[in-house]
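So you can see what is in the structure, the chains are spelled out below.
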Amino acid sequence: MADTNFSQSPRWAIQVSHLTYQHSPSSPSSLLDVSFALPLGSRTILIGANGAGKSTLLQLLAGKRLITSTNADVRVKDRDVFRNTPSGVTFLGTEWAMNPVVRGDISVSAFLDSVGGYRHKERRDLLLDILDVDLDWRMHQISDGERRRVQLCFGLMVPWEVLLLDEVTVDLDVLVRSDLLDFLQEDSIKRNATILYATHIFDGLNDFPTNVIHMRFGAIVEPPVTWPPDIASGNPANSSLYTVALNWLKEDREERKKLEKEGQKTRGARREQAVPSDSETFYRKYDYSH
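Residues numbered from 1 in each chain as written. Predicted model: local features only at pLDDT ≥ 70, side-chain atom pairs only at ≥ 80, totals over all residues. Heavy atoms only, no water.

A. Broad picture of the overall build of the protein chain. Within the protein chain, the secondary structure is distributed over seven helices and ten strands. Of all 290 residues assigned to the protein chain, the portion counted as buried reaches 44%. Partitioning the contacts of the protein chain with sequence separation of at least 6, the portion at a separation of at least 24 is 68%. With the model as given, the accessible surface of the protein chain reaches about 15,900 Å², and the carbon-plus-sulfur share is 49%. (Helix = DSSP H or I, 4+ residues; strand = E, 2+ residues; numbered from the N terminus. Buried < 20%, exposed > 50% of the residue type's maximum accessible area, 1.4 Å probe, protein only. Contact = heavy atoms within 4.5 Å. Areas by Shrake-Rupley, 256 points an atom, 1.4 Å probe, with all protein chains shown as cover.)

B. A look at the packing of aromatic side chains. In the structure shown here, the tally under the stated rule is two aromatic pairs. Judged by centre distance (6.4 Å) and plane angle (80°), the ring pair of tyrosine 197 and phenylalanine 208 falls under edge-to-face. Here phenylalanine 208 lies in the loop between strand 8 (194-198) and strand 9 (211-216) and tyrosine 197 lies in strand 8, a separation of eleven residues in the sequence. For the pair tyrosine 197 and phenylalanine 208, a shared accessibility class is recorded, and that class is buried. (Phe/Tyr/Trp six-rings, centres within 6.5 Å; stacked < 30°, edge-to-face > 60°.)

C. Spatial organisation of the nonpolar core. Counting 44 residues, the largest nonpolar core has Ile45, Val150, Leu156 and Leu184 as the members making the most contacts within it. For this core, the leading source of residues is helix 5 (residues 174-191), giving five residues. Residue contributions to this core reach at least three from each of two domains, namely domain 1 (10-88 + 161-231 + 239-249) and domain 2 (97-159). Residue contacts for isoleucine 45: discarding those within four places in its chain leaves Tyr197, Thr199, Phe202, Leu205, Phe208, Pro209, Asn211, Val212, Ile213 and Leu241. Within the second largest apolar cluster, 29 residues are counted, among which are Leu19, Leu60, Val81 and Leu196. (Core = buried A, V, L, I, M, F, W, Y, C linked by side-chain atoms within 4.5 Å. Domains from an automatic or database assignment.)

D. Region of interest: the sheet that holds strand 1 (residues 12-22). What the four strands build is an open sheet, ordered 2-1-4-5; its pairing is antiparallel. With one partner strand each, in any of the chains shown, strand 2 (29-39) and strand 5 (79-80) form the two edges of the open sheet. (Pairing = 2+ DSSP bridges.)

E. Main features of the confidence of the model for the protein chain. The share of residues in the protein chain with pLDDT of 70 or more is 85%, and the mean pLDDT across the chain is 86. The least confident element of the protein chain is helix 7 (residues 279-284), whose mean pLDDT is 69; the most confident is strand 8, at 98. A low-confidence stretch, residues 1-8 (pLDDT under 50), is modelled with 16 contacts involving residues beyond four sequence positions or located in other chains. (pLDDT = per-residue confidence, 0-100.)

F. Structural detail: the side chain of threonine 199. Along the chain, threonine 199 falls in the loop between strand 8 and strand 9. What makes threonine 199 buried here is its relative accessible area of 0%. Separated by 3.0 Å, the side chain of threonine 199 and the backbone nitrogen of isoleucine 201 make a polar contact. Look past the residues within four positions of threonine 199 in its chain and what remains in contact with it is Ile45, Leu46, Glu167 and Leu205. (Polar contact = N/O pair within 3.5 Å; in protein donor to acceptor, adjacent residues only side chain to side chain.)

G. Inspection of the packing of helix 3 (residues 121-130) against helix 5 at higher detail. At their nearest, the axes of helix 3 and helix 5 sit 9 Å apart, and the two run at 150° to each other. Together, Arg123, Leu126, Leu127 and Ile130 of helix 3 and Val176, Asp179, Leu180, Phe183, Asp187 and Arg191 of helix 5 make up the contact between the two elements. A class-by-class count of the residues in the contact of helix 3 with helix 5 yields six nonpolar, no polar and four charged. (Axes fitted to C-alpha atoms, helices over the stretch in contact; angles between N-to-C directions. Nonpolar A, V, L, I, M, F, W, Y, C, P; charged D, E, K, R; others polar.)

H. Expanded view of the pairing of strand 10 (residues 219-226). Sheet analysis places strand 9 next to strand 10, joined by five bridges and oriented antiparallel. Note that in strand 10 the partner of valine 212 across the bridge is valine 225. The antiparallel hairpin formed by strand 9 and strand 10 contains two residues in its connecting segment, where phenylalanine 217 sits at a positive phi of about 55°.

Below, the structure written as C-alpha coordinates:
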(Lines give C-alpha, C1' and ligand atoms only; values in the text may rest on other atoms or scores of the structure.)
Protein backbone atom coordinates (compact mmCIF):
# COMPACT_ATOMS: atom_id res chain seq x y z
CA MET A 1 0.00 0.00 0.00
CA ALA A 2 1.19 3.56 -0.75
CA ASP A 3 2.56 5.51 2.18
CA THR A 4 0.03 8.19 3.13
CA ASN A 5 1.65 9.21 6.41
CA PHE A 6 1.39 12.98 6.14
CA SER A 7 3.82 13.45 9.04
CA GLN A 8 6.54 12.64 6.49
CA SER A 9 5.16 15.18 4.04
CA PRO A 10 8.49 16.61 2.73
CA ARG A 11 8.85 13.49 0.59
CA TRP A 12 5.40 13.90 -1.01
CA ALA A 13 4.37 16.18 -3.87
CA ILE A 14 0.66 15.24 -3.75
CA GLN A 15 -1.30 13.89 -0.77
CA VAL A 16 -4.99 13.04 -0.85
CA SER A 17 -6.88 11.56 2.07
CA HIS A 18 -10.58 10.55 2.26
CA LEU A 19 -11.63 12.74 -0.67
CA THR A 20 -15.31 12.42 -1.60
CA TYR A 21 -16.84 14.88 -4.06
CA GLN A 22 -20.27 15.53 -5.58
CA HIS A 23 -20.90 18.04 -8.37
CA SER A 24 -24.20 18.91 -6.67
CA PRO A 25 -25.96 17.76 -3.49
CA SER A 26 -28.45 15.73 -5.53
CA SER A 27 -25.90 14.02 -7.79
CA PRO A 28 -24.05 10.78 -7.01
CA SER A 29 -20.46 11.01 -5.82
CA SER A 30 -17.95 11.61 -8.60
CA LEU A 31 -15.13 10.70 -6.21
CA LEU A 32 -15.53 8.30 -3.33
CA ASP A 33 -13.09 8.17 -0.40
CA VAL A 34 -10.01 8.69 -2.59
CA SER A 35 -6.66 8.42 -0.78
CA PHE A 36 -3.15 8.25 -2.26
CA ALA A 37 0.23 9.97 -2.12
CA LEU A 38 2.78 10.63 -4.86
CA PRO A 39 6.47 11.29 -4.16
CA LEU A 40 8.43 14.28 -5.38
CA GLY A 41 9.81 13.77 -8.87
CA SER A 42 7.34 11.02 -9.78
CA ARG A 43 5.57 10.78 -13.12
CA THR A 44 2.20 9.10 -12.72
CA ILE A 45 -0.29 7.99 -15.37
CA LEU A 46 -3.92 8.06 -14.26
CA ILE A 47 -5.84 5.21 -15.95
CA GLY A 48 -9.59 4.72 -15.99
CA ALA A 49 -12.61 4.53 -18.25
CA ASN A 50 -14.53 7.62 -19.33
CA GLY A 51 -16.38 8.92 -16.28
CA ALA A 52 -14.04 7.27 -13.76
CA GLY A 53 -13.36 10.64 -12.09
CA LYS A 54 -9.92 11.44 -13.50
CA SER A 55 -10.72 14.96 -14.70
CA THR A 56 -12.59 15.81 -11.51
CA LEU A 57 -9.62 14.67 -9.42
CA LEU A 58 -7.16 16.76 -11.43
CA GLN A 59 -9.39 19.84 -11.22
CA LEU A 60 -9.64 19.45 -7.46
CA LEU A 61 -5.87 19.11 -7.13
CA ALA A 62 -5.54 22.30 -9.18
CA GLY A 63 -7.94 24.09 -6.83
CA LYS A 64 -10.47 24.68 -9.62
CA ARG A 65 -13.27 23.08 -7.64
CA LEU A 66 -14.05 23.47 -3.95
CA ILE A 67 -14.89 20.65 -1.56
CA THR A 68 -17.04 21.07 1.53
CA SER A 69 -16.19 17.80 3.26
CA THR A 70 -14.41 18.33 6.58
CA ASN A 71 -12.91 14.83 6.47
CA ALA A 72 -10.98 15.30 3.24
CA ASP A 73 -7.37 16.46 3.16
CA VAL A 74 -6.02 17.50 -0.23
CA ARG A 75 -2.46 18.80 -0.31
CA VAL A 76 -0.03 19.74 -3.05
CA LYS A 77 3.50 20.56 -1.91
CA ASP A 78 2.20 20.08 1.64
CA ARG A 79 -0.26 22.96 1.30
CA ASP A 80 -4.05 22.80 1.38
CA VAL A 81 -5.07 23.45 -2.23
CA PHE A 82 -8.32 25.14 -1.19
CA ARG A 83 -7.17 27.34 1.70
CA ASN A 84 -3.45 27.87 1.13
CA THR A 85 -2.90 27.66 -2.62
CA PRO A 86 0.58 26.35 -3.46
CA SER A 87 2.78 28.02 -6.06
CA GLY A 88 4.49 26.17 -8.89
CA VAL A 89 1.42 24.13 -9.87
CA THR A 90 0.38 24.05 -13.54
CA PHE A 91 -2.88 22.53 -14.76
CA LEU A 92 -3.50 21.96 -18.48
CA GLY A 93 -6.86 20.60 -19.61
CA THR A 94 -8.79 20.23 -22.84
CA GLU A 95 -11.20 23.13 -22.25
CA TRP A 96 -8.53 25.80 -22.88
CA ALA A 97 -8.55 25.45 -26.65
CA MET A 98 -12.30 26.15 -26.79
CA ASN A 99 -12.08 29.40 -24.82
CA PRO A 100 -13.13 32.34 -27.06
CA VAL A 101 -10.31 34.45 -25.58
CA VAL A 102 -7.67 32.23 -27.20
CA ARG A 103 -9.50 32.06 -30.52
CA GLY A 104 -9.23 35.77 -31.30
CA ASP A 105 -7.47 37.45 -34.21
CA ILE A 106 -4.00 37.70 -32.68
CA SER A 107 -0.65 36.27 -33.70
CA VAL A 108 0.94 33.51 -31.63
CA SER A 109 3.93 35.79 -31.02
CA ALA A 110 1.76 38.59 -29.62
CA PHE A 111 -0.32 36.14 -27.60
CA LEU A 112 2.73 34.58 -25.90
CA ASP A 113 4.21 38.00 -25.19
CA SER A 114 0.90 39.09 -23.64
CA VAL A 115 1.14 36.22 -21.12
CA GLY A 116 4.77 36.86 -20.22
CA GLY A 117 6.62 34.75 -22.76
CA TYR A 118 9.39 37.34 -23.02
CA ARG A 119 10.25 36.66 -19.36
CA HIS A 120 10.92 32.97 -20.08
CA LYS A 121 12.55 33.28 -23.48
CA GLU A 122 14.91 30.28 -23.21
CA ARG A 123 12.19 27.78 -22.21
CA ARG A 124 9.66 29.39 -24.55
CA ASP A 125 12.00 29.07 -27.53
CA LEU A 126 12.83 25.47 -26.64
CA LEU A 127 9.12 24.63 -26.50
CA LEU A 128 8.42 26.48 -29.75
CA ASP A 129 10.96 24.18 -31.44
CA ILE A 130 9.71 20.99 -29.73
CA LEU A 131 6.06 21.76 -30.50
CA ASP A 132 6.86 23.03 -34.01
CA VAL A 133 4.94 26.28 -33.53
CA ASP A 134 4.93 29.11 -36.08
CA LEU A 135 4.99 32.49 -34.31
CA ASP A 136 3.14 34.04 -37.25
CA TRP A 137 0.09 31.79 -36.90
CA ARG A 138 -3.14 33.68 -36.21
CA MET A 139 -4.99 32.18 -33.25
CA HIS A 140 -8.40 32.34 -34.98
CA GLN A 141 -7.18 30.57 -38.12
CA ILE A 142 -5.21 27.59 -36.80
CA SER A 143 -6.42 24.02 -36.28
CA ASP A 144 -7.31 22.49 -32.93
CA GLY A 145 -4.01 20.58 -32.93
CA GLU A 146 -2.01 23.74 -33.63
CA ARG A 147 -3.93 25.61 -30.93
CA ARG A 148 -3.12 22.78 -28.53
CA ARG A 149 0.57 23.24 -29.28
CA VAL A 150 0.29 26.93 -28.42
CA GLN A 151 -1.49 26.02 -25.17
CA LEU A 152 1.31 23.65 -24.19
CA CYS A 153 3.97 26.26 -24.96
CA PHE A 154 2.04 28.82 -22.91
CA GLY A 155 1.49 26.41 -20.00
CA LEU A 156 4.97 24.88 -19.86
CA MET A 157 7.23 27.87 -20.51
CA VAL A 158 7.08 28.82 -16.82
CA PRO A 159 9.02 26.16 -14.82
CA TRP A 160 6.57 24.07 -12.81
CA GLU A 161 7.02 21.92 -9.73
CA VAL A 162 3.78 19.95 -10.07
CA LEU A 163 2.22 19.45 -13.50
CA LEU A 164 -1.39 18.23 -13.85
CA LEU A 165 -2.28 17.13 -17.38
CA ASP A 166 -5.77 16.15 -18.52
CA GLU A 167 -5.79 14.64 -22.02
CA VAL A 168 -3.81 17.54 -23.49
CA THR A 169 -1.98 15.45 -26.11
CA VAL A 170 -5.16 14.20 -27.76
CA ASP A 171 -4.90 16.66 -30.69
CA LEU A 172 -1.17 16.28 -31.33
CA ASP A 173 0.38 14.32 -34.16
CA VAL A 174 2.51 11.36 -33.13
CA LEU A 175 5.88 13.08 -33.74
CA VAL A 176 5.11 16.23 -31.74
CA ARG A 177 3.59 14.12 -28.97
CA SER A 178 6.71 11.96 -28.79
CA ASP A 179 9.02 14.99 -28.64
CA LEU A 180 6.84 16.58 -25.95
CA LEU A 181 6.86 13.46 -23.78
CA ASP A 182 10.66 13.27 -24.07
CA PHE A 183 10.89 16.90 -22.94
CA LEU A 184 8.53 16.37 -19.99
CA GLN A 185 10.41 13.29 -18.84
CA GLU A 186 13.80 14.99 -19.04
CA ASP A 187 12.47 18.13 -17.35
CA SER A 188 10.94 16.10 -14.53
CA ILE A 189 14.18 14.22 -13.90
CA LYS A 190 16.41 17.29 -14.13
CA ARG A 191 14.34 19.43 -11.74
CA ASN A 192 12.82 16.65 -9.57
CA ALA A 193 9.40 17.89 -10.66
CA THR A 194 6.18 15.89 -10.43
CA ILE A 195 3.69 14.98 -13.18
CA LEU A 196 0.19 13.51 -12.87
CA TYR A 197 -1.19 12.76 -16.34
CA ALA A 198 -4.63 11.43 -17.27
CA THR A 199 -4.79 9.98 -20.77
CA HIS A 200 -6.42 7.34 -22.94
CA ILE A 201 -3.48 7.24 -25.39
CA PHE A 202 -0.79 4.82 -24.23
CA ASP A 203 1.30 4.59 -27.38
CA GLY A 204 4.88 5.68 -26.63
CA LEU A 205 4.26 5.96 -22.87
CA ASN A 206 5.85 2.74 -21.71
CA ASP A 207 9.09 4.34 -20.53
CA PHE A 208 7.52 7.56 -19.27
CA PRO A 209 5.87 6.86 -15.87
CA THR A 210 7.32 5.93 -12.50
CA ASN A 211 3.83 5.05 -11.22
CA VAL A 212 0.35 4.22 -12.52
CA ILE A 213 -3.00 4.65 -10.77
CA HIS A 214 -6.18 2.76 -11.63
CA MET A 215 -9.47 4.59 -11.06
CA ARG A 216 -12.90 2.97 -11.27
CA PHE A 217 -16.30 4.56 -10.56
CA GLY A 218 -14.71 7.51 -8.74
CA ALA A 219 -12.50 5.40 -6.48
CA ILE A 220 -8.87 4.29 -6.48
CA VAL A 221 -8.87 0.56 -7.17
CA GLU A 222 -5.46 0.23 -5.57
CA PRO A 223 -2.76 2.67 -4.41
CA PRO A 224 -0.19 3.89 -6.96
CA VAL A 225 1.67 0.99 -8.57
CA THR A 226 5.36 1.32 -9.35
CA TRP A 227 6.12 1.19 -13.07
CA PRO A 228 7.47 -0.88 -14.72
CA PRO A 229 5.73 -3.73 -12.89
CA ASP A 230 7.40 -6.69 -11.27
CA ILE A 231 6.24 -10.28 -11.10
CA ALA A 232 4.75 -9.76 -7.62
CA SER A 233 2.28 -7.21 -9.05
CA GLY A 234 0.54 -9.92 -11.04
CA ASN A 235 1.74 -8.49 -14.35
CA PRO A 236 4.66 -9.88 -16.35
CA ALA A 237 7.80 -7.77 -16.02
CA ASN A 238 7.67 -7.02 -19.76
CA SER A 239 4.02 -5.91 -19.78
CA SER A 240 3.30 -2.85 -21.87
CA LEU A 241 1.35 0.02 -20.38
CA TYR A 242 -1.22 -0.44 -23.13
CA THR A 243 -1.75 -4.09 -22.17
CA VAL A 244 -2.09 -3.30 -18.46
CA ALA A 245 -4.52 -0.45 -19.17
CA LEU A 246 -6.56 -2.64 -21.52
CA ASN A 247 -6.85 -5.40 -18.91
CA TRP A 248 -7.86 -2.91 -16.21
CA LEU A 249 -10.55 -1.39 -18.41
CA LYS A 250 -11.89 -4.87 -19.23
CA GLU A 251 -12.11 -5.53 -15.50
CA ASP A 252 -13.96 -2.23 -15.05
CA ARG A 253 -16.51 -3.18 -17.70
CA GLU A 254 -17.11 -6.57 -16.10
CA GLU A 255 -17.57 -4.91 -12.72
CA ARG A 256 -20.09 -2.51 -14.23
CA LYS A 257 -22.00 -5.41 -15.76
CA LYS A 258 -22.24 -7.03 -12.33
CA LEU A 259 -23.71 -3.81 -10.96
CA GLU A 260 -26.19 -3.64 -13.82
CA LYS A 261 -27.47 -7.09 -12.91
CA GLU A 262 -28.13 -5.72 -9.44
CA GLY A 263 -30.38 -3.01 -10.85
CA GLN A 264 -27.96 -0.17 -11.54
CA LYS A 265 -28.65 2.06 -14.55
CA THR A 266 -27.40 0.41 -17.72
CA ARG A 267 -25.56 1.73 -20.74
CA GLY A 268 -26.04 0.78 -24.37
CA ALA A 269 -29.28 -0.10 -26.11
CA ARG A 270 -32.44 -0.64 -24.05
CA ARG A 271 -33.93 -3.51 -25.99
CA GLU A 272 -36.80 -4.02 -23.60
CA GLN A 273 -38.05 -0.47 -24.16
CA ALA A 274 -41.42 -0.38 -25.91
CA VAL A 275 -41.35 1.29 -29.33
CA PRO A 276 -44.59 2.81 -30.72
CA SER A 277 -45.68 1.15 -33.92
CA ASP A 278 -46.93 4.51 -35.21
CA SER A 279 -43.90 6.39 -36.59
CA GLU A 280 -45.57 9.77 -36.11
CA THR A 281 -46.04 9.07 -32.40
CA PHE A 282 -42.44 7.79 -32.11
CA TYR A 283 -40.80 10.85 -33.65
CA ARG A 284 -43.10 13.50 -32.20
CA LYS A 285 -41.20 13.65 -28.92
CA TYR A 286 -38.00 14.54 -30.82
CA ASP A 287 -39.62 17.34 -32.85
CA TYR A 288 -38.32 20.64 -31.51
CA SER A 289 -39.67 22.78 -34.33
CA HIS A 290 -42.73 23.86 -32.31
